Amino acid sequence: MAVKPSFRDRLAPDGAKRLLAFDGGGIRGLISLEVAARLESVLREKLDAGPDFVLADYFDYIAGTSTGAIIATCLSLGYTVDQVRNFYLEGAKAMFRRASFFKQFYYRNVGTNLTTRLQELLRDEHGDLLKLGDDALRTLLLVIMKNATTNSPWPISNNPAAMYNDRLQPGCNLDLPLWKLVRASTAAPTFFPPEDVTVGGERFVFVDGAVSVYNNPAFLLFLMATLPQYRLGWATGEDKMLLISIGTGAISGATPSLRASQMNLLYNARTVPLALLDAAQSEQDVLCRIFGRCRHGEPIDTEIGDFIDSDESYATSGGGPFGPKKFTYMRYNPNVGPEGLAELGLPEVSSAHVQEMDSPDHLAELAAVGTAYARKIDLSQFGAFPVGTTRGR
């Protein structure tokens, strides 16, 4: 009987390493899934891997925040992208069912529906609830949460060498229920109730990892794979490490008609958190483009552009002030503003619809955006990084 692959097979520092990161964004995770489906398809064809190929056969370390944590966990378990997509499509209305009138003072949606579906999804073949350290995970996995009790971000991985994953110490993170960690990462304030998690006999209250600078976890994933403090120590270089980052759509927030008199307390309460979230997400992307060799990505702004052309010009001089480049990098994140949708040939899609994070009424439009944008994936973007072969199944 063949031995099933485990994340433990990925720990050795030798060989080229592949990292995959998913942003948060609620139901807009469907956009990410369409991009991931295209990635799965082109890799399967390139590697002549057959219909059973999954992204867990190719990537060594997968990270996710919020809705990205659901996607990352399922892919790490060896699910096909189509299976994860079905989870979203079949459960969207239940997961985003509105809470009672009085509970909406605290949160808009009934968290028990999401909890139940995650418990159903994250069980092993014997029906037992999976834990973070279980060998059912075929890749290293990073889930980002925010500990509201300590007011600090908590990135938790199944790397057995990590400081808080020592089984000889009480409160080992590897023994935490996987569904609780994913549920905590998705507990967006005002959208879902928070999640209580007991760690080492101490109870903590967790909320969505997006309520930190890691709604885009890509650069943190790179750090946790390479810094000695995280005890993996994987090698860096354009031909040694690949990092692919997939977003849930960049929101166009420009309001040309805005007047200073309109910026009252209600306006700021509604817009400031999203503005800070967008800025932090963009900063993580910029860091990846600076330290990595950017091979694909939409322009950051009109001043610094997309870093792709400048990276090419730096090649002969060691990669500029931050060279040599530490990894090959691609960022896939469509602009879901009106101009971005027009560029994708989707004028019939409502920008307002695909910017909503908790509405199950516009799934077809979200899928259309992801499918159209996913056509931009081309394996020539891998540059110096070898596409390579799959891991043993």
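None of the values given here were measured: they were computed from a predicted structure.

Rules and cut-offs
- Residues numbered from 1 in each chain as written.
- Predicted model: local features only at pLDDT ≥ 70, side-chain atom pairs only at ≥ 80, totals over all residues.
- Heavy atoms only, no water.
- Phe/Tyr/Trp six-rings, centres within 6.5 Å; stacked < 30°, edge-to-face > 60°.
- Buried < 20%, exposed > 50% of the residue type's maximum accessible area, 1.4 Å probe, protein only.
- Helix = DSSP H or I, 4+ residues; strand = E, 2+ residues; numbered from the N terminus.
- Lys NZ or Arg CZ within 6 Å of the ring centre and 35° of its normal.
- Salt bridge = Lys/Arg side-chain N within 4 Å of Asp/Glu carboxyl O.
- Axes fitted to C-alpha atoms, helices over the stretch in contact; angles between N-to-C directions.
- Left-handed = near helix turned anticlockwise from the far one by under 90°.
- Contact = heavy atoms within 4.5 Å.
- Expected span 1.5 Å × (residues − 1).
- Parallel < 35°, antiparallel > 145°, perpendicular 65-115°, else oblique.
- Nonpolar A, V, L, I, M, F, W, Y, C, P; charged D, E, K, R; others polar.
- Pairing = 2+ DSSP bridges.
- Disulfide = S-S within 2.5 Å.
- Right-handed = clockwise from strand over helix to strand, strands pointing away.

Trainee: How should the packing of aromatic side chains be read in this particular structure?
Mentor: One pair of aromatic rings is described through two measures. These are the centre distance and the angle between the planes. Tallied over the full model, the rule gives 10 aromatic pairs. An angle of 80 degrees between the planes, with centres 6.0 Å apart, marks the rings of F87 and Y88 as edge-to-face. Like F87, the residue Y88 is buried in the burial classification. Taking the centre distance of 5.3 Å and the plane angle of 55 degrees together, the rings of W154 and F204 count as tilted. Within this pair, whereas W154 is found in strand β4 (residues 152–157), its partner F204 is found in strand β6 (residues 202–208), the two being separated by 50 residues in sequence. Taking the relative accessible area as the measure of exposure, F204 reaches 7% and is therefore buried. Counting every residue linked through ring pairs, the aromatic cluster contains F219, F222, F291, F327 and Y329. The ring of W234 is capped by K17, whose NZ or CZ atom sits 4.7 Å from the centre of that ring. Cation over ring: R18 sits above Y58, and NZ or CZ is 4.0 Å from the ring centre.

Trainee: Is there a simple way to explain the pattern of salt bridges in this structure?
Mentor: It is possible for side chains bearing opposite charge to pair when their charged atoms get close. As enumerated under the stated definition, the model contains 16 salt bridges in all. Put simply, E40 and R44 hold a salt bridge, and the shortest N to O gap is 3.7 Å. In this pair, E40 and R44 are both assigned in helix α1 (residues 29–47), four residues apart and thus about one turn of the helix distant. Residue class for E40 comes out buried when judged on its relative accessible area of 6%. R138 is the partner of D57 in a salt bridge, and the nearest nitrogen-oxygen pair spans 2.5 Å. Residue D57 is located in the loop between α1 and β2 (61–65), and its partner R138 is located in the loop between α4 (111–121) and β3 (140–147); the two are separated by 81 residues in the primary sequence. In terms of burial, D57 and R138 fall into one category: buried. Shared partners join several salt bridges into a network, and the residues in it are E34, D82 and R85.

Trainee: Mind showing me how you'd approach the packing of α1 against helix α11 (residues 363–374) here?
Mentor: How two helices sit against one another is set out by the angle between their axes and by the gap between those axes. Contact pair α1 / α11: the axes reach a minimum separation of 8 Å and the direction vectors enclose 35 degrees. The hand of the α1/α11 crossing is right-handed. For the pair α1 and α11, the contacting residues are L30, I31, E34, V35 and R38 in the first and L363, L366, A367, V369, G370, T371, Y373 and A374 in the second.

Trainee: Which parts of the structure should I look at to understand α11?
Mentor: Spacing of three or four residues puts side chains on the same side of an α-helix, whose turn is 3.6 residues. The end-to-end C-alpha separation of α11 is 16 Å, in line with the 16 Å expected for 12 residues at 1.5 Å each. Every buried residue belonging to α11 is among L363, E365, L366, V369, G370, A372, Y373 and A374, and all of these are buried.

Trainee: It is not clear to me how the packing of helix α2 (residues 67–76) against helix α5 (residues 178–185) should be interpreted in this structure. Could you clarify?
Mentor: In contact at an axis separation of 7 Å, α2 and α5 are set at 150 degrees when each is read in the N-to-C sense. Between α2 and α5, the crossing angle belongs to the class labelled roughly antiparallel. Of the two elements, α2 crosses α5, and the hand of that crossing is right-handed. Residues A69, I70 and T73 of α2 touch α5, and the partners they reach there are L178, V182 and S185. Along the lines of polarity and charge, the residues of the contact of α2 with α5 split into four nonpolar, two polar and no charged.

Trainee: What should I look at first to understand the pairing of β4 in this one?
Mentor: Regular strands place their side chains on alternate faces of the sheet. When β3 meets β4, the two strands line up antiparallel, connected through six bridges. Note on β4: the bridge partner recorded for V143 is I156. Where β3 folds back on β4, the antiparallel hairpin that results is connected by four residues, among which N151 adopts a positive phi of roughly 55 degrees.

Trainee: What is the right way to read the state of the cysteines from this model?
Mentor: In this structure the tally under the stated criterion is zero disulfides. The structure places no disulfide on C288, whose sulfur is separated from the nearest cysteine sulfur, that of C294, by 9.2 Å. The buried category is assigned to C288, whose relative accessible area is 0%.

Trainee: What am I meant to see in unusual backbone geometry here?
Mentor: Phi is mostly negative for residues that are not glycine, and the peptide bonds are mostly trans. Despite not being glycine, N151 shows a phi value in the positive range, around 55 degrees. Mapped onto the elements of the fold, N151 is located in the loop between β3 and β4. For N151, a relative accessible area of 58% translates into the label exposed. Not every positive phi belongs to a glycine, and R231 is a case in point at roughly 65 degrees. Inspection of the secondary structure assignment puts R231 in the loop between α6 (218–226) and β7 (241–246).

Trainee: Teacher, can you tell me more about α1 here?
Mentor: The end-to-end C-alpha separation of α1 is 26 Å, in line with the 27 Å expected for 19 residues at 1.5 Å each. Burial analysis of α1 places 14 of its 19 residues in the buried class, the great majority of the element. D48 sits one or two residues past α1 and shows a positive phi near 50 degrees.

Trainee: Just to check I follow, could you spell out the pairing of strand β1 (residues 17–22) for this structure?
Mentor: Across the six residues of β1, six count as buried, placing the element largely inside the fold. Judged by which residues are buried, β1 turns out to be covered on both faces: K17, L19 and A21 on one side and R18, L20 and F22 on the other are all buried. Across six bridges, the pairing between β1 and β7 is parallel. The residue bridging F22 from the neighbouring strand is I246, located in β7. Direction of pairing for β1 relative to β2: parallel, over a ladder of four bridges. Residue pairing for β2: L19 is matched across the bridge by Y61. For the crossover from β1 across α1 to β2, the handedness is right-handed.

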